[in-house]
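Chains, contacts and geometry: an overview
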Amino acid sequence: MATIRDVARLANVSVATVSNALNSADRVSPELLARVRAAVEKLSYAPHAGARSMRKRSSGLLGLIVGDITNPFFSDLFEAVEDAAAARGYLVLLCNSSERSEREEAHLKMLRSQRIDGLILAPTGAASMNRASLLAQLEVPVVLVDRAMDGLGYDSVVLDNRKAGFEATSHLIGCGHRRIGLINGPEILRTAADRMQGYREALLAAGLRFDPALVREAGFQEQPAHEAALDLMALPEGPTALFATNNLMTVGCVKAVADRGLSCPEDVSLVGIDDLPWADAVSPRLTAIAQPVRAMGETALTLLAERIAGTRLGAGTTTVMAPRLIIRRSCGTPAPAKAAHV
């Protein structure tokens, strides 16, 4: 990594001037400040977070970047990672990318300046030209969670998303449904693509035709899912069941069914991925595909700690976690006269 002396040499100023420019910009002339900032940018220099980090060559800090902290999955993941990290003497810096690549990149730069010892990353689905470079500049072990990225060689911990999609759809087919609406995330995300694949494989296994008219993309968000569900239920041949591929979209579907004046499961059956904390407390109780969130967080932290300690070597591996179908009361047999579009 570049040092403050490298910055001073490139900017043709003293080390003290660089320090003042970084910490007390008002004490440096605009001309010198511009030179220092240009050198910092060119060298990708990141100041040390503190003397302790410099002395011990370890900050005791880990980074965790999640896609959407308002999603209960990610808040549960943070709790699991933080508990496991504390047991090993680490503190965790939580960052929320809001599924935006520019925010993810800003967090990576900030975490580099903090001299973190390792990073757990749930990458955004948005294209990022700088992600690989910024991760390499961290020069610390990285573990991916929830979403894997090909070609980077990092350890990753993910759900068997194809199986999750297959089991949810197969359960609805087993209840007698033949027209199943799928409300999915953006297929640029491996998570969403694999859940779609599981949906299609379940239809194929049951001898049912895949109908693209029954599929909507709702960005893994509640309001778009609400609109998508209303759209599906307004079709001339509407679905008799809905499958939402994450928890926020499940909420949107629940609201849409109510807004149409319909009942679940009498009019429309519903299954979602992620077992919401209140899924067993609403009426009807929601059938869901549960992810082992705590196990995913703990496993990611264990892999990261082993990489930091040097006890885990070689190319990264992918740990695939099994989903679990929890059958409650939101799925029933479609009535012969049922039509969700009425």
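Our subject in this report is the structure included herewith.

The next subject is the overall build of the chain. Within the chain one finds 12 helices and 12 strands. Dimensions along the principal axes, computed over C-alpha positions, put the chain at roughly 80 × 45 × 35 Å. Residue burial in the chain is summarised as follows: out of 342 residues, 51% are buried. If you sum the accessible surface of the chain, you get close to 15,600 Å²; carbon and sulfur atoms cover 52% of it. Looking at charge distribution, the chain has the averaged site of its 37 positive side-chain charges lying 6 Å from that of its 37 negative ones.

The residue Arg131 is located in helix 7 (residues 131-138) in this model. At a separation of 3.0 Å, a polar atom in the side chain of Arg131 contacts the side chain of Thr124.

Turning our attention to the pattern of salt bridges. Enumeration according to the criterion identifies 18 salt bridges in this entry. In this structure, the salt-bridge partner of Asp6 is Arg9, at a minimum N-O distance of 3.1 Å. Within this pair, Asp6 and its partner Arg9 are both found in helix 1 (residues 4-11), separated by three residues, close to a single helical turn. A relative accessible area of 60% places Arg9 in the exposed class. Here Lys163 ties to Glu167 by a salt bridge, and the two come within 3.9 Å at their closest N and O atoms. Taken as a pair, Lys163 and Glu167 lie in helix 8 (residues 161-174) at a separation of four residues, close to a single helical turn. Residue classification places Lys163 among the partly exposed residues on the basis of a relative accessible area of 31%.

It is worth spelling out the sheet that holds strand 10 (residues 287-290) at this point. Judged by pairing direction, the sheet is mixed, and its six strands sit side by side in the order 7-6-8-9-10-12 without closing on themselves. Of all strands in the sheet, those with a lone pairing partner are strand 7 (215-217) and strand 12 (324-326), marking the two edges. Along the sheet, successive strands turn relative to each other by an average axial angle of 15 degrees, direction set aside. Sheet topology places strand 9 (residues 269-273) next to strand 10; three bridges connect them, and they run parallel. Each bridged residue has a counterpart across the sheet, and for Gly272 the counterpart in strand 10 is Ala288. Where helix 8 meets the sheet, its contacts fall on strand 6 (180-184), strand 8 (241-244), strand 9, strand 10 and strand 12, and the angle it forms with strand 8 comes to roughly 165 degrees. Relative to the sheet, helix 9 (residues 190-205) contacts strand 6, strand 7, strand 8 and strand 9, its axis offset from that of strand 6 by approximately 170 degrees.

We now examine the packing of aromatic side chains. Counted according to the given criterion, the structure contains two aromatic pairs. Seen from their ring centres, Phe73 and Phe74 are 5.2 Å apart, and the 80 degrees between their planes marks the pair as edge-to-face. Like Phe73, the residue Phe74 is buried in the burial classification. The aromatic ring of Phe210 is capped on one face by Arg200, whose charged end is 3.8 Å from the ring centroid.

We now examine helix 8. Helix length check: helix 8, at 14 residues, gives a terminal C-alpha distance of 20 Å against a target of 20 Å (1.5 Å per residue), a fit within 8%. Here helix 8 has its buried residues at Asn161, Ala164, Gly165, Ala168, Thr169, His171, Leu172 and Ile173. Phi turns positive, to about 110 degrees, at Gly176, one or two residues after helix 8.

Here Leu138 lies in helix 7. A relative accessible area of 4% places Leu138 in the buried class. With 120 residues separating them along the chain, Leu138 and Ala258 place their C-alpha atoms 48 Å apart.

One finds Ile183, Tyr199, Leu242 and Phe243 to be the most contacted residues of the largest nonpolar core, which totals 46 residues. Grouped together as the second largest cluster of nonpolar side chains are 24 residues, Phe73, Ala122, Val157 and Met296 included.

Turning our attention to the packing of helix 10 (residues 222-233) against helix 11 (residues 247-259). Following both chains from N to C, one finds helix 10 and helix 11 inclined at 45 degrees, their axes separated by 7 Å at the closest point. Classified by the angle their axes make, helix 10 and helix 11 are oblique. Considering only the axes of helix 10 and helix 11, their crossing is right-handed. Contact with helix 10, carried on its side by Glu222, Ala225, His226, Ala229, Leu230 and Met233, involves Leu248, Met249, Val251, Gly252, Cys253, Lys255, Ala256, Val257 and Asp259 of helix 11 and no other residues of that element.

Rules and cut-offs
Residues numbered from 1 in each chain as written. Predicted model: local features only at pLDDT ≥ 70, side-chain atom pairs only at ≥ 80, totals over all residues. Heavy atoms only, no water. Helix = DSSP H or I, 4+ residues; strand = E, 2+ residues; numbered from the N terminus. Buried < 20%, exposed > 50% of the residue type's maximum accessible area, 1.4 Å probe, protein only. Areas by Shrake-Rupley, 256 points an atom, 1.4 Å probe, with all protein chains shown as cover. Lys, Arg positive; Asp, Glu negative; His and termini not counted. Charge placed at Lys NZ, Arg CZ, Asp CG, Glu CD. Polar contact = N/O pair within 3.5 Å; in protein donor to acceptor, adjacent residues only side chain to side chain. Salt bridge = Lys/Arg side-chain N within 4 Å of Asp/Glu carboxyl O. Pairing = 2+ DSSP bridges. Axes fitted to C-alpha atoms, helices over the stretch in contact; angles between N-to-C directions. Contact = heavy atoms within 4.5 Å. Phe/Tyr/Trp six-rings, centres within 6.5 Å; stacked < 30°, edge-to-face > 60°. Lys NZ or Arg CZ within 6 Å of the ring centre and 35° of its normal. Expected span 1.5 Å × (residues − 1). Core = buried A, V, L, I, M, F, W, Y, C linked by side-chain atoms within 4.5 Å. Parallel < 35°, antiparallel > 145°, perpendicular 65-115°, else oblique. Left-handed = near helix turned anticlockwise from the far one by under 90°.

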